[in-house]
Amino acid sequence: MAIFATQEWLDEIAKLLNDDPGYAEGAKHWEGDFLYIIEPDELQPNPSYYYIDLYHGKCRKAVVLKDPSEVKAEFELSATYSTWKKILTGELDGMKAMMTRKMKFKGAVAKVMKDTKSQQAYAKALAPLKTEYEK
Amino acid sequence: MWYFRNPLIVFGDDALEHLREIKGKRALIVTDAVLVKLGFVDKVAKELKHAGIEHRVFAEVEPDPSVETVRKGAQVALEYEPDWLIGLGGGSSMDAAKMIWMLYAQPDTEPDAIVPFQDYDARSKARMICIPTTAGTGSEVTWFMVVTDTVEKRKIAVGTPEALPDIAILDSRLVGDMPKGLVADTGMDALTHCVEGFGSTWRTDFTNGPALMAMKLIFKYLKRSYDDASDKEAREHMLNASALASMSWGNGMAGLAHNMGHALGGFFHVTHGKCVGLYLPYNMEYLAEVGAEVFAEAARFIGLEGKTDLELTRGLVRGIKDIARYLGQPSSVKELNIDKAAYEKALPEMVGRAFGEVSTTLVLRVPDEKDMERMFLYAYEGKTIDF
């Protein structure tokens, strides 16, 4: 089981997406890359970052970043470690997290919201992902 | 942490008089030409005069208001600079008023780019009052707006909490003259709202209460309101019920009936209430596979009986179909005289559009494309959902 936000975890995400014909079909029109910022909180004192590039039903890149300036992503999502953990374990709905400002979103969010098909395909493809949280 | 957002609700058969209490300089009344002719605008203007507030009227809202119309209204607002906008009418006028408000505050905004987690600073220029004349869309208590892209023939359903009206005035005198057809269509919309609000995965204690009360009132008063325009009690309770229903889904989410209904309405120009009311029973049959417990709770509350959750759910579905039949509403798409070949041709796009609405993922059982397509087809024929 890979630890959240490590390279091993991201490699697992990329493999699940790229091996899934459902994702290839459901997200075949999607173009967009994401910078994820894990803000410091009591669980993680320093910020960390990772990047996922999704294009036409494939994950082209999924990497840990040392610094967010290494990429210029179309979308940027930022939340504390605790909030990310709640979202990824299903305790907190992602949209509610945005509406309560627990997660901040930069980029044309309407583009993401309108493409429910890609989102559903993404969630379905990653359903088998097992994540360990160090904190 | 979550929210339960509502405007100040002023209700009763003299509720319009609350307008005498508001403070401001200029009000832009957004409405349609029919309401001007029927004298509704004059009633509002009379109360604004008491408050010393000037007004102007933008009466170009059409059923299923277009993006062009709201842009025109926003231009009027930018020129007139009101500090109050008043949406007077059915859902079309109120939704148009809310969208005009957003475009007045942020003229560079694209209607379909409005999202719930960006700031629009709407109240920097004006505040909003909504006054419904149908019972109803409940738009007066929600932060959602639906306009139509007439070029792409699609509904744009968006929302931001800032678009929640400041005041909702439910004056029962304004719904007294509604003709039967309007009572039926808007009543089915209200019924769909409370059922979908109750069945949303975003349901809370706060949204459940209004949903259940709305369902109880609709089951008791909708047929009466339809039968007899002079039944003031029925008309008033239906007006209140439509607001309660929208307090529920407006703070939860709507569901499949609305998303499928928007798709049908966008393509085939069927009135909103007919569309959503038509799909509702099919969606409930689909959702009952995992959501019978939820619907059973509602069924018990409104006094239905049954031994199991599924039995109660089926009873609720039968009750809804019975109301629809009584009101002369279609129970299948083919009853709307929509050509089957045209419907099937539009199907891939309709499925895509239904999936383009976020609330498709916030229902008790989330369909995939295949299931969505089958639901559209079963609803065409009037076939009970069996998958």
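Before any of the text, the structure's been laid out above.
Okay, so let's go over this structure. (Residues numbered from 1 in each chain as written. Chains lettered and ligands numbered in written order. Predicted model: local features only at pLDDT ≥ 70, side-chain atom pairs only at ≥ 80, totals over all residues.)

Quick word on the interface of chain B and chain A
With twelve residues of chain B in contact, the opposing surface of chain A contributes 13 residues. The residue inventory of the side of chain B that touches chain A, partitioned by class, reads eight nonpolar, three polar and one charged. (Contact = placed C-beta atoms within 7 Å. Nonpolar A, V, L, I, M, F, W, Y, C, P; charged D, E, K, R; others polar.)

Considerations on the packing of helix α5 (residues 180–199) of chain B against helix α9 (residues 272–301) of chain B
All names here are of chain B. Running from N to C, α5 and α9 point in directions that differ by 25°, and their axes come no closer than 9 Å. Here α9 runs roughly parallel to α5, going by the angle between their axes. Classified by chirality, the crossing of α9 by α5 is left-handed. Contact with α5, carried on its side by Asp185, Thr186, Met188, Asp189, Leu191, Thr192, Val195, Phe198 and Gly199, involves His272, Gly273, Lys274, Val276, Gly277, Leu280, Met284, Leu287, Gly291, Val294, Phe295 and Ala298 of α9 and no other residues of that element. Across the contact of α5 with α9, the residue classes break down as eleven nonpolar, seven polar and three charged. (Axes fitted to C-alpha atoms, helices over the stretch in contact; angles between N-to-C directions. Helix = DSSP H or I, 4+ residues; strand = E, 2+ residues; numbered from the N terminus. Parallel < 35°, antiparallel > 145°, perpendicular 65-115°, else oblique. Left-handed = near helix turned anticlockwise from the far one by under 90°.)

With respect to unusual backbone geometry
Residue and element names in this part refer to chain B. Here the phi dihedral of Asp64 falls at roughly 55°; this positive angle occurs in a residue that is not glycine. Summarising the element assignment, Asp64 is placed in the loop between β3 (54–58) and α3 (67–80). Positioned with a positive phi, His269 is a non-glycine residue whose angle comes to about 55°. By secondary structure assignment, the location of His269 is in the loop between α8 (256–268) and α9. His269 gets classed as exposed once you count the C-beta atoms within 10 Å, which come to 12. (Buried ≥ 20, exposed ≤ 12 C-beta atoms within 10 Å, placed from the backbone.)

Examining the environment of Glu134 of chain A
All names here are of chain A. Here Glu134 lies in the segment after β7 (131–132). What makes Glu134 exposed here is the crowd of 10 C-beta atoms within 10 Å. The spacing of Glu134 and Ala5 is 129 residues in sequence and 10 Å in space, taken between C-alpha atoms.

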